[in-house]
Every structure is written in structure tokens, then in C-alpha cells.
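The primary structure of each chain is shown beneath.
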Amino acid sequence: MSAIIQGAALVFLGWSCFVFCVQLVGIFKIFRTYTAPPVKPVSPSLREDDVPHITVIRPVKGVDAGLYECLASTFALDYPRTKLSISLCVASIADPAYPVLQQLLADFPGFDANIFVEENDPLLHGPEGHINNLGPNPKVRNISRAYREAKGDAIWVVDCNIWTAKGAAGRMVDRLYGIQPGGNRAKPYKFVHQLPLVVDIEASRTEEGQSLLPTNEAKSNEPTSILDYGGRLEEMFMATTHAKFYSAINTVGIAPCIVGKSNMFRKSHLDRFTDPLQNPNLTAEDMARGNGNRGVDFFSSSICEDHLIGDLIFRSSAPGFRNHGLVFGEVVIQPMAGMSVAAYVARRVRWLRVRKWTVLAATLIEPGVESLLCCLYFSFALTTLSWFHEKLGLPQTWCAMAGIWGFMVTAWMVVDRLLSSKLHKCQGIEVDGDTPPFARGMGVSRRGGLKQRPFLEWLSAWLGRELLALPIWTWAVLLGTTVAWRGKQFRVRMDMTVVEIGQTGGRTSSQVIGSATPKGSSSPRSRSKDRLD
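Predicted, not measured: the structure shown is a model, and the values here were computed from it.

Student: So what about the packing of aromatic side chains? Which residues, and what values?
Tutor: Counting across every chain of the model gives 14 aromatic pairs. With 5.2 Å between their ring centres and 85 degrees between their planes, W387 and F388 make a pair best called edge-to-face. For F388, a relative accessible area of 14% translates into the label buried. Here the aromatic residues F12, Y377 and F380 are joined through ring pairs into a cluster of three or more. Here the guanidinium or amino end of R266 rests over the ring plane of Y177, the centre of that ring lying 4.5 Å away. In this arrangement the basic side chain of R348 is found over the ring face of F237, its NZ or CZ atom lying 4.2 Å from the centre.

Student: Can you lay out the pattern of salt bridges for me, pointing to particular residues and giving the numbers?
Tutor: Summed over all chains, the structure comprises 24 salt bridges. Ionic pairing is found between R171 and E430, a salt bridge with its closest N-O pair at 3.1 Å. Taken together, the residues R171 in helix 5 (residues 168-177) and E430 in the loop between helix 15 (398-424) and helix 16 (455-478) connect sequence positions 259 residues apart. Taking the shortest distance from any N to any O, the salt bridge between R232 and E457 comes out at 2.3 Å. With a gap of 225 residues between them, R232 in helix 7 (residues 230-239) and E457 in helix 16 connect regions that are remote in the sequence. A residue is classified by how much of its surface remains accessible, and R232, at 6% relative accessible area, is buried.

Student: Can you explain the sheet that holds strand 2 (residues 84-90)? Please cite residues and give values.
Tutor: Read across the open sheet, the seven strands follow the order 3-2-1-4-6-5-7; overall the sheet is mixed. Only two strands of the sheet have a single neighbouring strand rather than two, namely strand 3 (112-117) and strand 7 (322-336). Each neighbouring strand pair of the sheet contributes to a mean axis angle of 20 degrees, computed without reference to strand direction. Pairing between strand 5 (residues 189-200) and strand 6 (residues 262-266): three bridges, direction antiparallel. Opposite F191, over in strand 6, you have F265 as the bridge partner. In this fold helix 5 packs onto strand 1 (54-60), strand 4 (154-158), strand 5, strand 6 and strand 7, with an angle of close to 150 degrees to the strand it touches most, strand 5.

Conventions used here
Here the residue index of a chain counts from 1 through its sequence in written order. For this predicted model, a pLDDT threshold of at least 70 governs which residues receive local features, and a threshold of 80 or more governs which side-chain atom pairs are given and counted, while totals over whole chains, interfaces and linings are taken from all residues. Computation of side-chain values covers all heavy atoms of the structure but excludes hydrogens and water. Each aromatic pair joins two rings of Phe, Tyr and Trp (for Trp, the six-membered one) with centres within 6.5 Å, and gets the label stacked for planes under 30 degrees apart, edge-to-face for over 60, and tilted for any other angle. We call a residue buried when its accessible area falls under 20% of the maximum for its residue type, exposed when it is over 50%, and partly exposed in between, using a 1.4 Å probe and counting protein chains only. Any Lys NZ or Arg CZ found within 6 Å of a ring centre and within 35 degrees of that ring's normal is scored as a charge over the ring. Here, a salt bridge means any side-chain nitrogen of Lys or Arg that lies within 4 Å of a carboxyl oxygen of Asp or Glu. Here a helix means four or more residues in a row that DSSP labels H or I, a strand means two or more in a row labelled E, and each is numbered from the N terminus. Think of it this way: DSSP has to see at least two bridges between two strands before they count as a pair. All axes are obtained by fitting lines to C-alpha atoms, using only the stretch in contact for helices, and the reported angles, taken between N-to-C directions, cover 0 to 180 degrees. Throughout, a residue-residue contact means that at least one pair of heavy atoms, one from each residue, lies within 4.5 Å.

Shown next, in the form of C-alpha cells:
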């Protein structure tokens, strides 16, 4: 029994040290690259014929907090208009977001911008279409027509609740195509993406004391109990645990690691990689995937299409190209309001249940990368292995183990405080008059920026997220296979395909907008929406 315990302690020591090292890589990369606005992109200043054409596809579902500002950021991109096509995709004209999309086209004339309505897609409806021509994935069905009719080769899929900086398009293109200053070229990438951050704007105020929400919305969405602070938990997760490992894995580049908020790739690559006749990584059984469609439609029978697209591109051969490239120094912002703790838990459960079959090994070991359990492994190892007792005099007692655990968790918390504060300063964003308050950073001297979270408020969110991590993982991984996504229920199969098992009640928005939301005042309706992402 002693040998078994010593062996377990040795494994725990190795694992915890490995986690510490991975985190250090991510932390170092963040502090090194997210300290100032990135360099000015090169591609927008090339001769017009040399500028790659981008099709920006923005799937929309309901009215998120800051929806107008997020979508408007696409029209503000510092990129030649003649080389930019914008596709705003919505399932139905009855969607509450549809008037907002119409208002955007009216506010920004002169752009190659179109609204694609899924219910008007000839592939799914009409005399030659059929609703079952695509699988049940609602996001793929939403963007399918925009992808099929895309102009140019570069496809940039950006979620509707994501705000991007003006230079983002140019820097993404520079990395995808290997464009460098002075006419130099680096090895291009097959797939590029950005680090996402969440900003909970509910009850948040600027340095001048102004609420980020209109007065009536601020009052109606003001948290009334601890159960209303799901947005703060999501903000904490994305700026600490997720950011560290996302940056570390993409620095090393040994495996695909993408979250799907803002991704750019080539249409020609994806069309070829999803063709079993051209990609040896696929089998004859894959001929029927996505009901026989190629490109993004290939993933219409699966959930977690963002990861699957990235994974397939990563594994598929393209001589002369590098795999994935994170645009370090560049962040995208997701403003959030109205998320309850229950909604946060449901979102994390969906994420984990999908990842359970996409990256099974990583999902099974995930609890061991969280602070409470990882530090427990480390403290157990230090107070169990005889070497530490003989050489360093560490007592082999429960009290010593508890003391080391408490010290390590505290150190972990301090590092997370520094890291989240660093990221939420948004020093990598060029701020101008069009930059919304939620993208101006927290605790910095920029006019209109947000106040930094007080330490006790921050600590309560940190503790809440850490304490919920293991129960959420247990529920998600061990106790179910169904997920709620965009108003529908799905069962996730082991081959990562999904089966729709019924709707959660259809569209539950309590109010259909009669007129577009005015610029600068998009109101959040997360509580009335039937989606959890």
C-alpha cells in the first residue's frame, strides 16, 4: 500500500508541475504580447489587386447586449471596401435581431453587405430545396448560403456578439497569408484566430460613473441576487483559466485549440479538405456527412462545428502552409448582460458535453488543471514523497498538506488577479471615438473605460468559478449527453454528430423589436433568448 501511495504521489507531482509549466508559458506569452496595440497591418495598404478579398460571415440569433456595436465594428474595419463583403445571417425575419440588421445596412451605405435569411435559402426551401438538405446544426444552417455565395477565398466567421478592433481584419489577413512589411512574405497559415474576452456590462460603470446600459435596461437587468451573476463567472473564466491554456497551447502549436468566436480560413482549403476524394484523412463513410455537402455544410450534422473545422484543417495536408496561428496581441470582446448562474452552468455543460467526444482525453483530465484540485495534487505529493521529508524537512501531516494547499491556491489566485487585470486593460486595442466603453479597458486612464473590479468583488467571482468547476464537470461529463443550443435540444453521439430531440419551446423572446435599436444603445435580452451561447 505504501508503494502505491508513493507512486500516486509521484504521478500527482509530475502532473501538477506539468500544469504549472503550461500555465507559465501562457502567462508569459500574454504579458509579452498584450501590452500595447499591435503593429499596423500591411495588407490594407497593398495595391488593390494584391489585397485578399474577405467575406465576413456573422451568424445572428436574437438581440445580445451590444449587438449593434458588435456588428457595426465590421463596417468600421480599416480594410478596403472593394475587398470586403459582409454577410449578416439570420434564421427568420421574425428574429428580434432582423430590424437591427436592416438598420445597419441603412446606417452604413456603400458596403457590399447583405442579409441572408435561412428561411429563404433555396437549398432548404423553395421548389428545388428541402429542409433536410442540411443537418440539424442551427449555426451551419444559418451561415450556409453566405458561405456558398462568398466572394474571394478568405472566410472570416465572427459571432454576432463579438466586437473587433479596426485593424483586426488586416492583421488576420497578414497572418493567414504571411504578409509582412517591406514586401516580405512569411510562411502562411491555414487557419488564424483571436483571443476572446468577455466583459460583463451588467451593473458595470465607466470611470466617469456612467452605466453601460440605458437607464430603463440598467434597472430591469440589475442583479438582485448572487444567482444573477453568471456573466461575471463567464468573464472570470475567459480571462483566467481559458486565456492561460488557450495562449499556451497555441504558442506550442502541437494541437488545435480554438473557441470559435473569430476564425479565418480559406474557402478553397475547406472545400478540398471536406471532400473524401481529395483528403486521405477522410473515409468512404464521410461521403454522407452533412448529407453529402462540402465546405461548412459538411459539418451540419455535427455540433461544435468550430472545433471540428479547425481540427480538420489542422490534420489535413497543405504543403507550404503552417497549421493554426493565433494573432497574439489581438483580442476580441464579447459584451454580456443578463446571464444567470444557471445559464452559465448550462453553457459550460454544453461546452463540456461536446468536447467529451471531440477531445475525450483532454476532457477527462480537465478537473486536474483547475486550481483547487491541482494544488491538492501538489500538496499531497510534497507531504507524501519521502524525498521532500528527508531533504527539505517537510512534515508528512495533514496540517502541513492543508497549509501548502492554502498557500498554492492563494498564489494561483494572485496570478489570476494580475492576469485578468492585464487582459481587461485591453492595451492591445486602438481606441478612438467609435470604440464602445466595454472595449476601452478596465482600470486604465482612457476616457470612457470601465472601472476595475474591486478586489472583493473580483474574489467572489473567482471563488465561485473555481468552486463550480468540478460539479459542472461531473454533471456534464458523467451524467448526461444532451445539450441545449440555440433554442433546441440535441443528443450528442460518440462520433460527434447530433440528433435533434425537440425544441425547448421555440422562440421565447418576449418582445419583437418594432424598430431598430439606436446606435450606441443596443439593449441586452439575454434572459429572453432561447440560446445559451
